[in-house]
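Close look at the chain arrangement
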Amino acid sequence: MRAWRASLLWFDPDADHPDLRFERDGLLVAAPGADGVWRVQAIGAFEALRPRWPQVPVQDERGRLIAPGFIDLHVHYPQTDIIGAPADGLLPWLERYTFPHESRFADPAHAEAVAAFFLDEMRRHGVTTALTFATSHPASVDALLRQAQARGLRWIAGKVLQDRHSPDGVRDETETSLADTEALIARWHGQGRLGYAITPRFAPSCSDAQLRGAGELAARHPDVWIQSHVAENVDEVRWVRELYPHDRSYLAVYERFGLLRRRAVYAHGIYLDDADRARLADSGAAIAVSPTSNLFLGSGFFDYGAARAAGVTLGLASDVGGGMSFSPFATMRAAYTVGRAAVRGDGAAKLGVSLAPEDLWWQHTAGAARALGLQGVVGSLAPGSEADFVVLDPQATPLLARRTAQAASLAEWLFAFIMLADERAVRDVHVAGAPALQHSSNVDAA
Ligand code: GUN
Ligand code: ZN
């Protein structure tokens, strides 16, 4: 058993909104279970908890903030090496950089090397769980999940399905792709902290037969995740309308094939209408809001006001390599900015929203966990949850130190932290499944 003394930030895992808990002088107590995974035993005020755990060694992190490890709701590990590749929008970007680059993952050694780098980089930025696209090559999933397992991370990934409108090197074959998916589910889903996601790339890249097969797999494996893209870009939406003239909307295509259910996470969702939002809310499917990607590719602005009004489940995502950064702070900053933007997806003017700092933080932790159906497991630090957490240092940069020192309230402090922090502020990252609670540290312990 171990304990940490620090300022503590956590969330009620069962709330469908950011129910923030904060303890300025707090104690976090964790212990490993029979499965070797560390779980939170207690969290609260130091004064109240210390007498209950007198024998437990306490690591003194006063002056720092312990918070749940961040959850990235949508990211492509094979796109690590194409971050910052400029193009005239999504479809040219896929043709010019993404597909040629992803074809290299036919080589398992390449996949293994990128997977190792990617996971270390995610962890270094404080991300301890992610819903991840591999490539269409099944071995690219093996590489990533093997590396995640070695690090004790809770991680979810899937082999991309794309049997049409895709070049040689990444295009797969309908029957084989579905058989491969089924084999990968059997090999990885529920192995320790690992999970599998059925991964149709997007409607334009999948034949009816492939989408139908994906839906059948999703029905046979209700606790397996589904991940895809929807309504990201105007040219993409127009293309879907041409390919599926009889479906009411882009989202309706996925619904017709049985791909709209809880544990289904669709990236972007910029060009949705109110009927789509109602279907998302009713089905329990979630949107992975990906603001740095939407800004980089010029896709548009997610409509927070409409999504919230409709009760859509949502969380934050980097969408690397369309996204520009692994840092949850960069994603939260972009989300705030996009919320302020006074335009809607359809270009009409509207009033922006001002997302509160605890809301931004929640969307990247407990809210994202909820979108994955993993509330109470990760993302909250409530007792019983797995002990994935970050130790954050407000002294990490001169400006961060100066600005946070002048905050008059917790909300102001959190907001300043989100606006000014990067991975230098991530002092330690504790992974609940790591052997002996190994942690990666950006700075050697003093
Ligand atoms: N739509 C289909 N594939 C992709 C992808 O790799 N990235 C993004 N941002 N959108 C997509
Ligand atoms: Zn994506």
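Residues numbered from 1 in each chain as written. Chains lettered and ligands numbered in written order. Predicted model: local features only at pLDDT ≥ 70, side-chain atom pairs only at ≥ 80, totals over all residues. Heavy atoms only, no water.

This is how it is decided: UniProt positions are given in the numbering used here, feature names are shortened, and annotations may be inferred rather than shown by experiment.
Under an unreviewed UniProt entry, the protein has the name Guanine deaminase and belongs to Tepidimonas alkaliphilus. Recorded in UniProt for the protein, the comment headed Sequence similarities (unreviewed entry) runs: "Belongs to the metallo-dependent hydrolases superfamily. ATZ/TRZ family." Heading Pathway (unreviewed entry) of the UniProt record for the protein holds this comment: "Purine metabolism; guanine degradation; xanthine from guanine: step 1/1."

1. Some points on the site of ligand 1
Where we set the bar: Any residue with at least one heavy atom within 4 Å of a molecule or strand is counted as near it. Polar contacts, as counted here, are pairs of nitrogen or oxygen atoms within 3.5 Å of one another; within protein the pair requires one atom able to donate a hydrogen and one able to accept it, and residues that are adjacent in sequence qualify only if both atoms are side-chain atoms. Values of accessible area rely on a 1.4 Å probe in the Shrake-Rupley scheme; residue burial ignores everything except the protein chains shown. Both cavities and pockets are sets of points on a 1 Å grid over the protein atoms alone; in a cavity a 1.4 Å probe fits but cannot get out, in a pocket the set is open with protein on both sides within 12 Å along at least five of seven lines, and lining residues sit with an atom within 4 Å of a point. A molecule is said to be in a cavity or pocket once over half of its atoms fall within 2 Å of that pocket's grid points.
The environment of ligand 1 is formed by His76, Gln79, Leu90, Trp93, Leu94, Arg201, Phe202, His229, Glu232, His268 and Asp319. In this structure, an oxygen atom belonging to ligand 1 sits 2.7 Å away from a side-chain N or O atom of Arg201. Within the complex, 100% of the 280 Å² of free accessible area of ligand 1 lies under protein. If you map ligand 1 onto the pockets, it falls in the largest cavity.

2. Regarding the coordination of the zinc ion (ligand 2)
We count it as follows: Any N, O or S atom lying within 2.8 Å of the metal counts as a donor, with the limit raised to 3.2 Å for Na, K and Ca; because water is left out of the atom set, some sites can appear incomplete. Any coordination sphere not matching a tetrahedral pattern (four donors, all angles between 85 and 135 degrees) or a square planar or octahedral pattern (four or six donors, opposite donors over 155 degrees apart, other angles between 65 and 115) is reported as irregular. Three exposure classes are used, based on accessible area relative to the maximum for each residue type with a 1.4 Å probe and protein chains only: buried under 20%, partly exposed in between, and exposed over 50%.
For the zinc ion (ligand 2), the protein coordination sphere consists of His74 (NE2), His76 (NE2), His229 (NE2) and Asp319 (OD), at 2.0 to 2.3 Å. Around the zinc ion (ligand 2), the 4 donor atoms sit at angles spanning 90 to 166°, and that spread fits a shape best called irregular. Judged by relative accessible area, His74 falls into the buried class, the value being 1%.

3. Examining the layout of surface pockets
Convention followed: Grid points are joined across faces, edges and corners, and a volume is the space filled by probe spheres set on the points. In this text, helices come from DSSP runs of H or I with a minimum length of four residues, and strands from runs of E with a minimum of two, each type numbered from the N-terminal end. Charged residues are taken to be Asp, Glu, Lys and Arg, nonpolar residues to be Ala, Val, Leu, Ile, Met, Phe, Trp, Tyr, Cys and Pro, and polar residues to be all remaining types, Gly included.
Its boundaries defined by the atoms lining it, the largest pocket holds a volume of some 320 Å³. Around the largest pocket sit 17 residues that line it, and Val237, Arg241, Ser249, Tyr250 and Tyr271 are the ones nearest its centre. Elements that contribute at least two residues to the lining of the largest pocket include exactly α7 (234-243) and α8 (250-256). Looking at which element gives the most residues to the lining of the largest pocket, the answer is α7, with 5 residues. Of the voids in this model, the second largest pocket is the one considered here, and its volume is about 270 Å³. What lines the second largest pocket is a set of 13 residues, among which Ser7, Phe22, Arg24, Gly63 and Trp413 lie closest to the centre. Counting residues per element, the ones that place at least two in the lining of the second largest pocket are β1 (2-11), β2 (20-32), β4 (58-68) and α16 (410-420). At 4 residues, β4 tops the list of elements feeding residues into the lining of the second largest pocket. Residues that form the lining of the second largest pocket fall into these classes: 6 nonpolar, 3 polar and 4 charged.

4. Quick notes on a nonpolar patch on the surface
This is how the line gets drawn: Patches draw on residues past 30% relative accessible area with no salt bridge. Two like charges within 9 Å are joined, as are two nonpolar side chains (Val, Leu, Ile, Met, Phe, Trp, Tyr) within 5 Å. The term salt bridge refers to a pairing of a side-chain nitrogen on Lys or Arg with a carboxyl oxygen on Asp or Glu at a separation within 4 Å.
A grouping of Leu295, Phe301 and Met324 is seen on the molecular surface, where their side chains present a nonpolar patch of about 240 Å² in accessible area. Looking at the element boundaries, Met324 is found in the loop between β13 (313-316) and α12 (328-340). For Met324, a relative accessible area of 41% gives the class partly exposed.

5. Describing the pattern of salt bridges
Per the stated rule, a full pass over the model turns up 31 salt bridges. The shortest N-O distance in the salt bridge between Asp25 and Arg5 comes to 2.8 Å. With Asp25 in strand β2 and Arg5 in strand β1, the pair connects residues that are 20 residues apart, well separated along the chain. Residue class for Arg5 comes out buried when judged on its relative accessible area of 14%. With its nearest N and O atoms 2.8 Å apart, the salt bridge here joins Arg220 to Glu182. On the criterion of sequence distance, the pair formed by Arg220 in helix α6 (residues 208-220) and Glu182 in helix α5 (residues 174-188) is long-range, its members being 38 residues apart.

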